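Now for the letters of each chain:
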Amino acid sequence: MCIFFCCFANARSSLVIVVISQLYHRKQSVFGRLIRFIGSPLSGIIVYMINRKWSSGKEIVDAIGYYEQKIYGENEIELARPISQNQLNGARLFNSKYEYAKTLNKNISYLEIGVGWGYSAQMFINETNAVSADLVDFYDNASGVRHPGGETPEDSSITHEQYIKNKFSYHPNVNTIQGDATYVITTLEKKYDLILLDIGRERFMMRKLIQDSSELTNVGGVIGLTSYVNYDSIMYEGHVGIYQSVNEFLYFNKNWSVDAIVLHELGLHDIYIKRNS
Ligand SMILES: C[S@@+](CC[C@H](N)C(=O)[O-])C[C@H]1O[C@@H](n2cnc3c(N)ncnc32)[C@H](O)[C@@H]1O
């Protein structure tokens, strides 16, 4: 007797195909008679559908509509919309933000949403010789959020915002904007060549932030998002909706494409998406 089990787990279902071959030919076997009874066209193949759950872990659920706000439970994972191959063909891969920054145009206008202690801002501003930068943050000492691997400044005699002002005092056109970035971004009127989004992970907040940022992006400009891929969900305890929100945006906005993926040593990989028209 020979029995093969084949398992296919995909979005729609998990298929368990049990192939019972030689039983078919054993007329004396109860199973053999059962299989013969089922007969062609399956001829010895029982197809058994189970639900869309892995043997353990989260249940795979459909991507939500672009205007839908359905919150899935922590025991579920939303299927991300696929990025079309066309939107990936020009994508490049980098080992750090710095390597990516070196390839960007010079004299850009820069916007960062979630500045922290200004590590990325400093690097992008300097590498691109940015003509201007708007740096938005709560400026509340980064809510205890450190840039992974970065130091928290030791000088507590100045405010967080003042620390950033001092850091960029050499530059004539760097502005700090204090407030909730999800609101601030709706009030900005400038256009930018590079916008870095680095304030959170929540699915609908990120969806709105990407949409709002896209309105502020010059043609040829880029939006960068940290934590697009979260290896082991490091630093976060709940859902990370950045992947789904970015893919959804690209799915519904075909004039955008992936410019780069930047790998991060803690697995918080960035994505940079480009507006082509
Ligand atoms: C991870 S840190 C940013 C690190 C920085 N982008 C870098 O690469 O050096 C996140 C920052 O976002 C800020 N932040 C979080 N939510 C925010 C919101 N809704 N509005 C403004 N700032 C926010 C926090 O205060 C914190 O300074």
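Please refer to the structure higher up on the page.
Calculation notes
Residues numbered from 1 in each chain as written. Predicted model: local features only at pLDDT ≥ 70, side-chain atom pairs only at ≥ 80, totals over all residues. Helix = DSSP H or I, 4+ residues; strand = E, 2+ residues; numbered from the N terminus. Buried ≥ 20, exposed ≤ 12 C-beta atoms within 10 Å, placed from the backbone. Near = placed C-beta within 6 Å. Nonpolar A, V, L, I, M, F, W, Y, C, P; charged D, E, K, R; others polar. Core = buried A, V, L, I, M, F, W, Y, C linked by C-beta atoms within 7 Å. Contact = placed C-beta atoms within 7 Å. Pairing = 2+ DSSP bridges. Right-handed = clockwise from strand over helix to strand, strands pointing away.

Asks: In this structure, what is going on with the overall build of the protein chain? I would like to understand it.
Replies: A tally of helices and strands in the protein chain yields eight helices and 13 strands. Burial analysis of the protein chain (277 residues in total) assigns 30% to the buried set.

Asks: Would you mind going over unusual backbone geometry with me for this structure?
Replies: Comment: phi is negative for the bulk of residues other than glycine, and the bulk of peptide bonds are trans. With a phi angle near 50 degrees, Y139 is a residue other than glycine that sits in the positive phi range. Its place among the elements puts Y139 in the loop between β8 (132-137) and α5 (160-167). Positive phi, normally seen in glycine, also occurs at S227, with a value near 60 degrees. When you line up the elements, S227 lands in strand β11 (residues 217-230). C-beta crowding within 10 Å serves as the criterion here: with 26 such atoms nearby, S227 is assigned to the buried category.

Asks: Before we go on, may I ask you to explain the site of the ligand in this structure?
Replies: Near the ligand you find 19 residues, and of these G114, G116, S120, A142 and A181 are the closest. Elements that contribute at least two residues to the shell around the ligand include exactly α4 (119-128), β8 and α6 (181-187). In the shell around the ligand, the residues fall into eight nonpolar, seven polar and four charged.

Asks: Could you clarify how one ought to interpret the nonpolar core in this entry?
Replies: Across soluble globular proteins, you tend to see nonpolar side chains buried next to one another. If you look at the biggest cluster of nonpolar residues, it comprises 44 residues, and the most contacted ones within it are Y110, I113, L194, I195, L197, V246 and I273. Those residues within four positions of I113 in sequence are excluded, and the remaining contacts are V136, A181, I185, I195, L196, L197, D198, I199 and L209.

Asks: What should I look at first to understand the environment of N86 in this one?
Replies: Among the structural elements, N86 can be located in the loop between β5 (76-78) and β6 (92-94). Distance in space between the C-alpha atoms of N86 and V258 is 9.4 Å, their sequence separation being 172 residues.

Asks: When you look at the pairing of strand β10 (residues 192-197) in this model, what are you seeing that I'm missing?
Replies: One face of the sheet, then the other: side chains in a regular strand alternate in exactly this way. Of all six residues that make up β10, six are buried, and the element is covered over most of its length. The pairing of β10 with β11 spans five bridges and is classified as parallel. Following the sheet pairing, L194 is matched in β11 by V222. Since β10 and β11 lie parallel, the crossover through helix α7 (residues 203-215) that links them has a hand, and here it is right-handed.

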